[in-house]
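The lines below spell out each chain.
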Amino acid sequence: MKHIVSVNWVREHLNELTIIDCRFHLPAPDKGLEEYKEHHIPGAHYMHLNKDLSSSVATHGGRHPLPDIHELHSKLEDIGVHDGGKVLIYDDQNGAMASRLWFLLKVLGHEDVWVMDGGYSEWMKQGYPVTGEVPSHEKRGTFTFKFEEGLLTDMEQVKSQLPAFESGSAYLLDAREPNRCLGIEEPIDKVAGHIPGAINFFWMENVENGKWKETEELKERFSKLDPSKEVVVYCGSGVTACPMFLALKEAGYEKVKLYTGSWSDWISYTDNPISKIKN
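Predicted, not measured: the structure shown is a model, and the values here were computed from it.

What counts and how
- Residues numbered from 1 in each chain as written.
- Predicted model: local features only at pLDDT ≥ 70, side-chain atom pairs only at ≥ 80, totals over all residues.
- Heavy atoms only, no water.
- Axes fitted to C-alpha atoms, helices over the stretch in contact; angles between N-to-C directions.
- Helix = DSSP H or I, 4+ residues; strand = E, 2+ residues; numbered from the N terminus.
- Parallel < 35°, antiparallel > 145°, perpendicular 65-115°, else oblique.
- Contact = heavy atoms within 4.5 Å.
- Left-handed = near helix turned anticlockwise from the far one by under 90°.
- Nonpolar A, V, L, I, M, F, W, Y, C, P; charged D, E, K, R; others polar.
- Polar contact = N/O pair within 3.5 Å; in protein donor to acceptor, adjacent residues only side chain to side chain.
- Pairing = 2+ DSSP bridges.
- Phe/Tyr/Trp six-rings, centres within 6.5 Å; stacked < 30°, edge-to-face > 60°.
- Buried < 20%, exposed > 50% of the residue type's maximum accessible area, 1.4 Å probe, protein only.
- Salt bridge = Lys/Arg side-chain N within 4 Å of Asp/Glu carboxyl O.

Visitor: Sorry, what's going on with the packing of helix α3 (residues 69-78) against helix α4 (residues 96-107) here?
Guide: Working note: a packed helix pair is described by the angle between its axes plus the distance between those axes. The contact between α3 and α4 brings their axes to 11 Å, and the two run at 105°. On the basis of their axis angle, the class for α3 and α4 is roughly perpendicular. For the pair α3 and α4, contact is made by I69, L72 and L76 and by L101, L104, L105 and V107, respectively.

Okay, structure coming up:
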């Protein structure tokens, strides 16, 4: 795997890594930080989905708008992320939160960044060391800012591509649970359904028993998608679409973009079309 590493690999390279803990629970936003303070991988810093990896909610932009990229860049540099350095990210949410930061680091142009397979539970299962000590911030060098804007797309761009999605000349993947995509239920957002032309690929089906599926399994999962065509991924708020983005990259898809605001942004524009038809 190119973007996912085992806990054994992390243990062997512990002193070479800038480690970031992204544990987060949507129903209890501060629980992940409390868990981190109790114990975490030695040397790991903590980043909070709402406070570090998202910006304030506004009329548009969805429930988890992207953070201020310059501010995030500064925070990352302050905890030791630097050019040529290796970054390891973990969570305990099947890679959802870790993938969010992995994606953001890709947007900032960092190459050597990985998500830990199995998350913190797997680390604990192996009996590897943990600590409650919070490391001090320490710059280790310059983190050159390279904004990879081509990884992102917005509502206007998605709207302009609806004919392409509906004809199959490009793909729009909805990473939410099937019942949410179909509009059968919607426990979070105000409107149920999906963006016309979207194909449902539930993000949790990229993992099995808490671990990412192997590259060949992911390739098989996406085998009906032509890798020469552009793929746009979205979810409810732009978070769980990130592990879908990562999975597609693992499977060898290069033309992948994230609709950052996702469904919660799409429905904030009352004239946008909505579908409840299985595609």
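Now that the structure is up, let's keep going.
Visitor: Whenever I open this one, the packing of α4 against helix α10 (residues 241-250) confuses me. Can you help?
Guide: For the pair α4 and α10, the least separation of the axes is 7 Å and the interaxial angle reads 70°. Viewed along their axes, α4 and α10 adopt a mutual orientation that is roughly perpendicular. For the pair α4 and α10, the sense of crossing is left-handed. The segment α4 lies against α10, with A96, S99, R100, W102 and F103 engaging C242, P243, F245, L246 and K249. Each residue belonging to the contact of α4 with α10 can be placed in one class, and the counts come to seven nonpolar, one polar and two charged.

Visitor: For this particular structure, what's the right way to read the side chain of H13?
Guide: In this fold, H13 is placed in the loop between α1 (7-12) and β2 (17-21). There is a polar contact of 2.8 Å between the side chain of H13 and the backbone oxygen of W9.

Visitor: Honestly, the sheet that holds β2 in this entry has me stumped. Any pointers?
Guide: Neighbouring strands of a sheet are bound in pairs by backbone hydrogen bonds; such pairs are parallel or else antiparallel. The strand order across the open sheet built from five strands is β1-β5-β4-β2-β3, with neighbouring strands paired in parallel fashion. Among the strands making up the open sheet, the edge pair consists of β1 (4-5) and β3 (45-46). Sheet analysis places β2 next to β3, joined by two bridges and oriented parallel. Residue pairing across strands places I20 opposite H45, the latter belonging to β3.

Visitor: Just to check I follow, could you spell out the packing of aromatic side chains for this structure?
Guide: Within a pair of aromatic rings, the relevant descriptors are the distance that separates the centres and the angle that separates the planes. Enumeration over the complete set of coordinates arrives at nine aromatic pairs. Judged by centre distance (5.6 Å) and plane angle (15°), the ring pair of Y90 and Y120 falls under stacked. With a gap of 30 residues between them, Y90 in strand β4 (residues 86-90) and Y120 in helix α5 (residues 119-125) connect regions that are remote in the sequence. Both residues of the pair, Y90 and Y120, count as buried. Aromatic pair W123 and Y128: ring centres 5.0 Å apart, planes at 65°, arrangement edge-to-face.

Visitor: I'm lost on the pattern of salt bridges in this one. Help?
Guide: Opposite charge on two side chains allows them to pair when their charged atoms are near. As enumerated under the stated definition, the model contains 19 salt bridges in all. E77 is the salt-bridge partner of K139, the closest N and O atoms lying 3.8 Å from each other. One end of the pair, K139, is in the loop between α5 and β6 (152-153); the other, E77, is in helix α3, with 62 residues separating them in the sequence. On the accessibility criterion, E77 (14% relative accessible area) is buried. One network of salt bridges, in which partners are shared, links R63, D174, R176, E177, R180, E186 and D189.

On their own, these measurements won't tell you what the molecule is for.
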